[in-house]
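Summary of structural features
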Amino acid sequence: NAEMVPMKYLKDLADVKPPSNIPKLQTGIHALDNLLHGGLPFGLYHVIAGKRGNGKSTFASQIFARALDQGYICMAYSGELNDYNFKFWLDCQLAGSKHIIVDPATVGKQYKDYLIPSSIQDRITEWYRGRCFIYDNTIIRAEDETTKLLDVIDEAIRRYGVKVVLLDNLMTAMHKEDIAGSNEYERQGIFVDRLAENAQETGALILLVAHKRKGLIGGV
């Protein structure tokens, strides 16, 4: 009457029961949401890739803005923009073209600059206060070189209830981690695996923008 002992780490696919309702983040692009059967599912990481200058970061920030609009608490890491430039970039997405005007100081000059009227800017800022966070590179560099980006993401998810994480530039994000590996691609794989584990464990949605060897010190 001996019975076979089930193997650890192996399950019968017939016993797998999918969840009744998988939460998804709408991108705001109806054709894309239809293809995705409602949007990007939570509990996974999603890679946005493409040629240089094709709008990967803009597309990612639009999804990020859409997440805020749907009431999710969000966190961003930008390997290319400082905090105030990222804020202006995001705020422009939220304001829309009708609420972006030419900076009066640049009227009549060869090159124009643009701004959001202070009344609109203040409303946007208060609208997402306490719901939108950005990784602070200045404090990390000045006070705690051992603090890792993945640790900050994990704590933000658990402490603040962050549900959507945007990592704009895989390469610079990866280089903030002390990852052992024989080459860049192995370290990249380890970093992404850790992101996947984080998403699965916490149910968060992670947007990962992959720039090809862009933004590293010394062109490495």
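Throughout, residues of each chain are indexed from 1 in the direction in which the sequence is written. Per-residue local features are limited, in this predicted model, to residues with pLDDT of at least 70; the limit for side-chain atom pairs, both in listing and counting, is 80 or more; totals at the level of whole chains, interfaces and linings are taken over all residues. Side-chain numbers here rest on the full set of heavy atoms in the structure, without hydrogens or water.

**Describing the overall build of the chain**
Scanning the chain from N- to C-terminus turns up eight helices and nine strands. When the backbone C-alpha atoms are referred to their principal axes, the chain occupies close to 90 × 40 × 35 Å. Partitioning the contacts of the chain with sequence separation of at least 6, the portion at a separation of at least 24 is 69%. Accessible surface, the chain: about 14100 Å² in total, of which carbon and sulfur atoms supply 54%. Of the charged side chains in the chain, 26 are positive and 27 negative, and the gap between their average positions amounts to 6 Å. Runs of H or I in DSSP of at least four residues are treated as helices and runs of E of at least two as strands, each being numbered from the N terminus. Working rule for contacts: check all heavy atoms of both residues, and any pair within 4.5 Å makes them a contact. The Shrake-Rupley method, run with a 1.4 Å probe sphere, supplies the accessible areas, and residue values consider only the shown protein chains as cover. Neither His nor the chain ends contribute to the count of charged residues, in which Lys and Arg are positive and Asp and Glu negative. By convention, the point assigned to a charge is CZ for Arg, NZ for Lys, CD for Glu and CG for Asp.

**Let's talk about the pairing of strand β4 (residues 74-78)**
A large share of β4 lies buried, amounting to five of its five residues. Here's how the labels work: a residue is buried when its accessible area is under 20% of the maximum for its type, exposed when over 50%, partly exposed in between, all with a 1.4 Å probe on protein chains only. The two faces of β4 match: C74, A76 and S78 on one face and M75 and Y77 on the other face are all buried. Strand pairing is defined by DSSP finding a minimum of two bridges between the two strands. Where β4 meets strand β7 (residues 132-134), three bridges bridge the pair, whose relative direction is parallel. If you follow M75 over to β7, its bridge partner there is F133.

**Side note on unusual backbone geometry**
Backbone geometry at Y9 places phi at a positive 70 degrees, although glycine is not the residue there. Here Y9 is to be found in the segment before β1 (24-25). If you check the backbone angles, H37 has positive phi at about 55 degrees while not being a glycine. By the element assignment, H37 lies in the loop between α1 (30-35) and β2 (40-41).

**Side note on the packing of helix α6 (residues 149-160) against helix α8 (residues 184-202)**
Between two packed helices, both the angle of their axes relative to each other and the distance between the axes serve to describe the pair. Working convention: axes come from line fits to C-alpha atoms, limited for helices to the stretch in contact. Angles between N-to-C directions cover 0 to 180 degrees. The contact between α6 and α8 brings their axes to 11 Å, and the two run at 10 degrees. When the axis of α6 is compared with that of α8, the two are roughly parallel. Along its contact with α6, which presents L150, I153, D154, I157 and R158, the element α8 presents F191, R194, L195, N198, E201 and T202. Looking at the contact of α6 with α8, its residues break down into five nonpolar, two polar and four charged. Angle categories are assigned with fixed cut-offs, so that under 35 degrees is roughly parallel, over 145 is roughly antiparallel, 65 to 115 is roughly perpendicular, and the rest are oblique. Classification used: nonpolar for Ala, Val, Leu, Ile, Met, Phe, Trp, Tyr, Cys and Pro, charged for Asp, Glu, Lys and Arg, polar for all others including Gly.

**Focus: the pattern of salt bridges**
Salt bridge, as applied in this entry: a Lys or Arg side-chain nitrogen positioned within 4 Å of an Asp or Glu carboxyl oxygen. Summed over the entire model, instances satisfying the criterion amount to six salt bridges. Between R66 and D69 there is a salt bridge, and its shortest N-O distance comes to 3.9 Å. You can see R66 and its partner D69 sitting in helix α2 (residues 56-69), three residues apart, about one turn around the helix. Given a relative accessible area of 27%, R66 falls into the partly exposed group. The shortest N-O distance in the salt bridge between R129 and E126 comes to 2.9 Å. Exposure remark for R129: the relative accessible area of 53% places this residue in the exposed category.

**Considering a nonpolar patch on the surface**
Among the surface-exposed residues, V102, V107 and Y114 lie close enough to one another that they form a single nonpolar patch of about 270 Å² accessible area. As for its placement among the helices and strands, Y114 is situated in strand β6 (residues 114-115). Residues with no salt bridge and a relative accessible area higher than 30% make up the patches, which join like charges within 9 Å and nonpolar side chains (Val, Leu, Ile, Met, Phe, Trp, Tyr) within 5 Å.

**Some words on the nonpolar core**
Generally speaking, soluble globular proteins have nonpolar side chains that are buried together. Membership of the largest hydrophobic core comes to 26 residues, with the highest contact counts inside it found for F64, L90 and L166. Among the secondary structure elements, those contributing two or more residues to this core are α2, β4, α3 (83-95), α4 (118-128), β8 (164-168) and β9 (205-209). In this structure L166 touches A60, F64, M75, A76, Y77, F86, L207 and V209, once residues within four positions along its chain are discounted. Working definition of a nonpolar core: buried Ala, Val, Leu, Ile, Met, Phe, Trp, Tyr and Cys residues. They are joined through side-chain atoms within 4.5 Å. Residues Y77, V165, M171 and A210 belong to the second largest nonpolar core, which totals 24 residues.

**So, the environment of D83**
Here D83 is to be found in helix α3. D83 gets classed as partly exposed once you look at its relative accessible area, which sits at 46%. Sequence separation of D83 and T58 is 25 residues, and the distance between their C-alpha atoms is 16 Å.

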